[in-house]
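# Understanding the architecture of this molecule
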Amino acid sequence: MSLTFHWFLPTYGDSRYLVGGGHGTPTHTAGGARPATLAYLGQIARSAEQLGFEGALTPTGAWCEDAWLSTAMLAEVTERLKFLVAFRPGLLSPTLGAQMAATFQRHSGKRLLLNVVTGGESHEQRAYGDFLDKEARYARCDEFLEVVRGLWRGERVDFSGEHVRVEGAELTRVPDPVPAVYFGGSSPAAGDVAAKHADVYLTWGEPPSKVAEKISWIRELAAAQGRTLRFGIRLHVISRDTSQQAWAEAQRLLDALDPSVIEQVQAGLGRSESEGQKRMLELHRGSTSDLEIYPNLWAGVGLVRGGAGTALVGSHTEVAERIEEYHALGIDEFVLSGHPHLEEAYWFGEGVLPILERKGLWRHPAREADESAAASIPFAGAPSPAS
């Protein structure tokens, strides 16, 4: 299987330095020197599309712009790029969620992917009017996706669960194709939901041995449900012509961090209910020393940012090698980002992707689409007759 790469849309702002924010961090820590205008986000989206990224993840939370609205607007300034829209199932009804996905899929030209975020922080959920605890949120997510899957199959759904209840729910038009569901989580409850409903299980960037354990865990759970899943990983990236240049950039980002900000963010993240966040914190324990936790895997981003906190750092060849290593474990999709997101997309797209293409591990989506279209036209590949 050819590798798939997605980029990231910083709908909270961008900068040449690390930008705080993410799940579990205060809303005001997000932002940056480059406001998240549609013009700037459009630049990133069009560049990602041109470089060969399949889609772009758009985050959810009070610290960023709304993912649904932002991507719906950006669909107008792109042609092929898909949008991996993060959303929280507890904040809208499953019927409305299924309908929104179907509408987006039609009007965007089949370019919707869904990242289901159950919500790992109770204080953040309560700000949106959701007062369930973590275990109950996963139970509700399970019921929510049960209803959504039924609606997408074109069924008329009656469902009465502990948290979700609908009567006579159905869609006028089902999405075609049904958008792939991306789902992450490190707790037992998260694993059960992923095994039942996810198409792609996403993990944050831990050392390969830890990622291998998670893949094995989810595979076993999915097999018990009679299902198979694809696997993806969420990472930042700093890729340069030489290893020295890449690590110098990582050091520049680290040197710019205010120790008091690190302390404040780490204190907040230390209260996180998320198992995945706890695993991220264990990688650096709030210290700025020994941040290369595995060859070319740097934990510096997690000092000031919640959620995904590690970056691949190195020469284009080294970064490609680490990607191959994760791929050998079963990872087929990579959701990447960098600071700033516009320039880092080009460093990776022009530096690493050609290496992977030469190795037969990746192909530009536009070329695959063009070849598929040509193959469907009679005589498109036939030689011209001699004059």
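Attention here is on the structure that accompanies the text. None of these values were measured; they are calculated from a predicted model.

## Structural notes on the pattern of salt bridges
Summed over all chains, the structure comprises 22 salt bridges. Of the charged contacts in the structure, one is a salt bridge between lysine 82 and glutamate 54, with a shortest N-O distance of 3.1 Å. Note that lysine 82 is positioned in strand 3 (residues 82-87) and glutamate 54 in the loop between helix 1 (38-51) and strand 2 (55-58), a separation of 28 residues in sequence. When the shortest N-O distance is used, the salt bridge between lysine 359 and glutamate 324 registers 2.5 Å. With lysine 359 in the loop between helix 13 (353-358) and helix 14 (365-375) and glutamate 324 in helix 11 (residues 316-329), this pair connects stretches of sequence that are 35 residues apart. Residue lysine 359 is classed as partly exposed on the basis of its relative accessible area of 43%. Judged by its relative accessible area of 26%, glutamate 324 is partly exposed. Look at the salt bridges and you will find they share partners, linking Arg16, Arg34 and Glu343 into a network.

## Regarding the pairing of strand 13 (residues 333-337)
Most of strand 13 sits out of view: five of its five residues are buried. Here strand 13 shows no split at all, with Glu333, Val335 and Ser337 on one side and Phe334 and Leu336 on the other all buried.

## Thoughts on helix 9 (residues 259-269)
Within the span of helix 9, buried status applies to Ile262, Val265, Gln266, Gly268 and Leu269. Looking straight down helix 9, one finds its buried side chains confined to an arc of 160 degrees; they lie on one side. More than 90 degrees from the buried face of helix 9, the exposed residues found are Pro259 and Glu263. Summarising the contacts, the buried residues of helix 9 are in contact with helix 10 (275-282).

## Focus on a nonpolar patch on the surface
A contiguous nonpolar patch, built from Leu38, Leu69 and Met73 and spanning about 300 Å² of accessible area, is present on the exposed surface. Tracing the backbone through its elements, the reader meets leucine 38 in helix 1.

## Here we look at the packing of helix 7 (residues 208-224) against helix 11
For the pair helix 7 and helix 11, the least separation of the axes is 9 Å and the interaxial angle reads 25 degrees. The angle between the axes of helix 7 and helix 11 places the two elements in the roughly parallel class. Crossing handedness for the pair helix 7 and helix 11: right-handed. Residue-level contacts link Pro208, Val211, Ala212, Ile215 and Arg219 of helix 7 to Glu325, Tyr326 and Leu329 of helix 11. Partitioning the contact of helix 7 with helix 11 into residue classes produces six nonpolar, no polar and two charged.

## Quick word on the layout of surface pockets
For the largest pocket, the calculated volume is near 370 Å³. The wall of the largest pocket is formed by 25 residues, among which Thr4, Glu54, Lys82, Glu333 and Glu368 lie closest to the centre. Across the lining of the largest pocket, the residue classes break down as 13 nonpolar, five polar and seven charged.

## Regarding the nonpolar core
Note on soluble globular proteins: their nonpolar side chains tend to be buried together. In terms of nonpolar packing, the biggest core is built from 77 residues, with Phe5, Phe183, Ile323, Tyr326, Phe334, Phe348 and Leu356 touching the most fellow members. Take this core: its biggest share by element is eight residues, from helix 5 (residues 134-152). Not counting residues within four places of it along the chain, the set of residues in contact with phenylalanine 183 comprises Asn115, Val116, Thr118, Tyr138, Cys141, Ala190, Val193, Ala194, Ala198, Val200, Tyr201 and Leu202. By size, the runner-up hydrophobic cluster in this structure holds 18 residues, among which are Leu18, Ile238, Leu283 and Val304.

Reading the values: the criteria
Residues numbered from 1 in each chain as written. Predicted model: local features only at pLDDT ≥ 70, side-chain atom pairs only at ≥ 80, totals over all residues. Heavy atoms only, no water. Salt bridge = Lys/Arg side-chain N within 4 Å of Asp/Glu carboxyl O. Helix = DSSP H or I, 4+ residues; strand = E, 2+ residues; numbered from the N terminus. Buried < 20%, exposed > 50% of the residue type's maximum accessible area, 1.4 Å probe, protein only. Arc of directions from axis to C-beta. Contact = heavy atoms within 4.5 Å. Patch = residues over 30% accessible without salt bridge, like charges linked within 9 Å, V, L, I, M, F, W, Y side chains within 5 Å. Areas by Shrake-Rupley, 256 points an atom, 1.4 Å probe, with all protein chains shown as cover. Axes fitted to C-alpha atoms, helices over the stretch in contact; angles between N-to-C directions. Parallel < 35°, antiparallel > 145°, perpendicular 65-115°, else oblique. Left-handed = near helix turned anticlockwise from the far one by under 90°. Nonpolar A, V, L, I, M, F, W, Y, C, P; charged D, E, K, R; others polar. 1 Å grid on protein atoms, 1.4 Å probe; cavity = no way out; pocket = protein on both sides within 12 Å on 5 of 7 lines; lining within 4 Å. Points joined across faces, edges and corners; volume = space filled by probe spheres on them. Core = buried A, V, L, I, M, F, W, Y, C linked by side-chain atoms within 4.5 Å.

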